[in-house]
Amino acid sequence: MLAPPHTQSYGERSLNFTNPTAKLILETMERKKSNLAVSVDVTDKHDLLAIIDAVAPYVCMIKTHIDIIENFDFSLIEQLQHLSHKHDFLYFEDRKFADIGNTVALQYSGGVHKIASWAHLTNAHPVPGPSIIMGLASVGLPLGRGLLLLAEMSTKGSLAVGEYTEEAVRMARRHRDFVIGFIAQTRMDGVGAAGDDVSGEDFLVLTPGIGLESKGDSMGQQYRTPREAVYESGSDIIIVGRGIYGTDPKAIDTITRQAERYMAAGWAAYLERLA
Ligand code: S5P
């Protein structure tokens, strides 16, 4: 009987995956002792670069919304890549693809952002069905990229529950070479398996909606603590945005301190889970 993934160390779990991005994420987490991903949702590229440079020592991953950058040009990508080499972390472009296979393949490879050329990881809504995975995999698999499906969301009134979540997991299970995990609030081990043998199955669970102070915002976001996500719900990576950069993207000292604090809280919750 294999140990369930959330009781294994991140380093051990890198052997559970064939996808090179999944392996690299888990090895980076183990090396840096961090299960923190910082979501840098700012609109100016200079702020984006300054915040990444400040928080990078504390993260395994940086999550971007590249389409909100107002002064984007492709030289930004070279600067982002320089930071990821300097500080040893991966990029997750939170694009939330949701269209037919042919369209998402074009959105992923082309346009001004050329996401597949630099983002190790991206995500998709399962709403169109398995064709969305086929479209994205046609671009991402040859590059060794990984995909997350949004199985659940952090927002009040989310429709991604019950049968929808189960079907998302079944879709992922049929494409394990490319789908390496979920955006979700809890573990998905065995969800929707209906008697099928899923022992040895491992998916990464990345959880947004994390805050140490606030319980939510005025637009439906809901926050839980790193401990609730990692220790109680078995999440692997906490995704933190405004809890770290707050309301002032220029307050770099405060942002650095907050990143250190969330990294410590996330790692302590993981060690507690392993124990
Ligand atoms: O269910 C979700 C899925 C995602 S990817 N809820 C989320 O909040 N997100 C993203 O996580 C959202 O797009 C944002 O970039 C980040 C949360 O930001 P925060 O400032 O609320 O921590």
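Residues numbered from 1 in each chain as written. Predicted model: local features only at pLDDT ≥ 70, side-chain atom pairs only at ≥ 80, totals over all residues. Heavy atoms only, no water.

If you look the chain up in an unreviewed UniProt entry, it shows as Orotidine 5'-phosphate decarboxylase from Hebeloma cylindrosporum. Here the chain is described in UniProt, under the heading Pathway (unreviewed entry), as follows: "Pyrimidine metabolism; UMP biosynthesis via de novo pathway; UMP from orotate: step 2/2." What UniProt records for the chain under Sequence similarities (unreviewed entry) is the sentence "Belongs to the OMP decarboxylase family." (UniProt positions renumbered as here; feature names shortened; annotations may be inferred.)

(A) Quick look at the packing of aromatic side chains. Counted according to the given criterion, the structure contains eight aromatic pairs. Residues phenylalanine 72 and phenylalanine 74 carry aromatic rings whose centres are separated by 6.5 Å and whose planes lie at 80° to one another, so their mutual orientation is edge-to-face. Overall, the relative accessible area of 32% leaves phenylalanine 74 in the partly exposed class. (Phe/Tyr/Trp six-rings, centres within 6.5 Å; stacked < 30°, edge-to-face > 60°. Buried < 20%, exposed > 50% of the residue type's maximum accessible area, 1.4 Å probe, protein only.)

(B) Fine view of the site of the ligand. Lining the immediate environment of the ligand, one finds 14 residues, of which Asp41, Lys63, Ser154, Tyr223 and Arg242 sit closest. Between an oxygen atom of the ligand and a side-chain N or O atom of arginine 242, the distance comes to 2.7 Å. Bound to the protein, the ligand loses 92% of the 490 Å² it would expose on its own. Residue classes in the shell around the ligand are distributed as four nonpolar, five polar and five charged. (Near = heavy atom within 4 Å. Polar contact = N/O pair within 3.5 Å; in protein donor to acceptor, adjacent residues only side chain to side chain. Areas by Shrake-Rupley, 256 points an atom, 1.4 Å probe, with all protein chains shown as cover. Nonpolar A, V, L, I, M, F, W, Y, C, P; charged D, E, K, R; others polar.)

(C) Structural detail: the UniProt feature "domain: Orotidine 5'-phosphate decarboxylase" (unreviewed entry) in the chain. Sequence positions flagged by UniProt for "domain: Orotidine 5'-phosphate decarboxylase" (unreviewed entry) are, in local numbering, residues 35-255. Secondary structure content for residues 35-255 is 32% helix and 17% strand, while the C-alpha to C-alpha distance between its ends is 17 Å. (Helix = DSSP H or I, 4+ residues; strand = E, 2+ residues; numbered from the N terminus.)

(D) How the structure looks around the UniProt feature "binding site: substrate" (unreviewed entry) in the chain. Per the UniProt record, the feature "binding site: substrate" (unreviewed entry) sits at Asp41, Lys63, Ser154, Gln221, Gly241 and Arg242. Within the secondary structure, aspartate 41 is located in the loop between β1 (36-39) and α3 (45-55). A relative accessible area of 29% means that aspartate 41 is categorised as partly exposed. Those residues in contact with aspartate 41 that sit more than four places away from it in its chain are Lys63, His65, Ile68 and Tyr245. Engagement of the side chain of aspartate 41 in a polar contact is seen with the side chain of serine 39, the distance being 2.9 Å. (Contact = heavy atoms within 4.5 Å.)

(E) Region of the structure containing the pairing of strand β8 (residues 237-240). Side chains Ile237 and Ile239 of β8 all project onto a buried face; the interleaved residues Ile238 and Val240 project onto the opposite face, where all are buried too. The sheet contact formed by β1 and β8 spans three bridges and is parallel. Bridging across to β8, leucine 36 finds its partner in isoleucine 238. One ladder, built from two bridges, connects strand β7 (residues 204-207) with β8; its direction is parallel. The residue bridging threonine 207 from the neighbouring strand is isoleucine 238, located in β8. Since β7 and β8 lie parallel, the crossover through helix α8 (residues 226-232) that links them has a hand, and here it is right-handed. (Pairing = 2+ DSSP bridges. Right-handed = clockwise from strand over helix to strand, strands pointing away.)

(F) Just the sheet that holds β8, in detail. Taken together, the eight strands give a closed barrel; going around it, the order is β1-β2-β3-β4-β5-β6-β7-β8, and neighbouring strands pair in parallel fashion. Sheet twist, expressed as the average angle between the axes of neighbouring strands with direction ignored, equals 25°. By the bridge criterion, four bridges tie strand β4 (residues 121-124) to strand β5 (residues 146-150) in an arrangement that is parallel. Bridging from a neighbouring strand, alanine 124 pairs with leucine 149 of β5. In the packing of helix α6 (residues 131-140) onto the sheet, the strands contacted are β3 (90-97), β4, β5 and β6 (179-183), and the crossing angle to β5 comes to about 155°. (Axes fitted to C-alpha atoms, helices over the stretch in contact; angles between N-to-C directions.)

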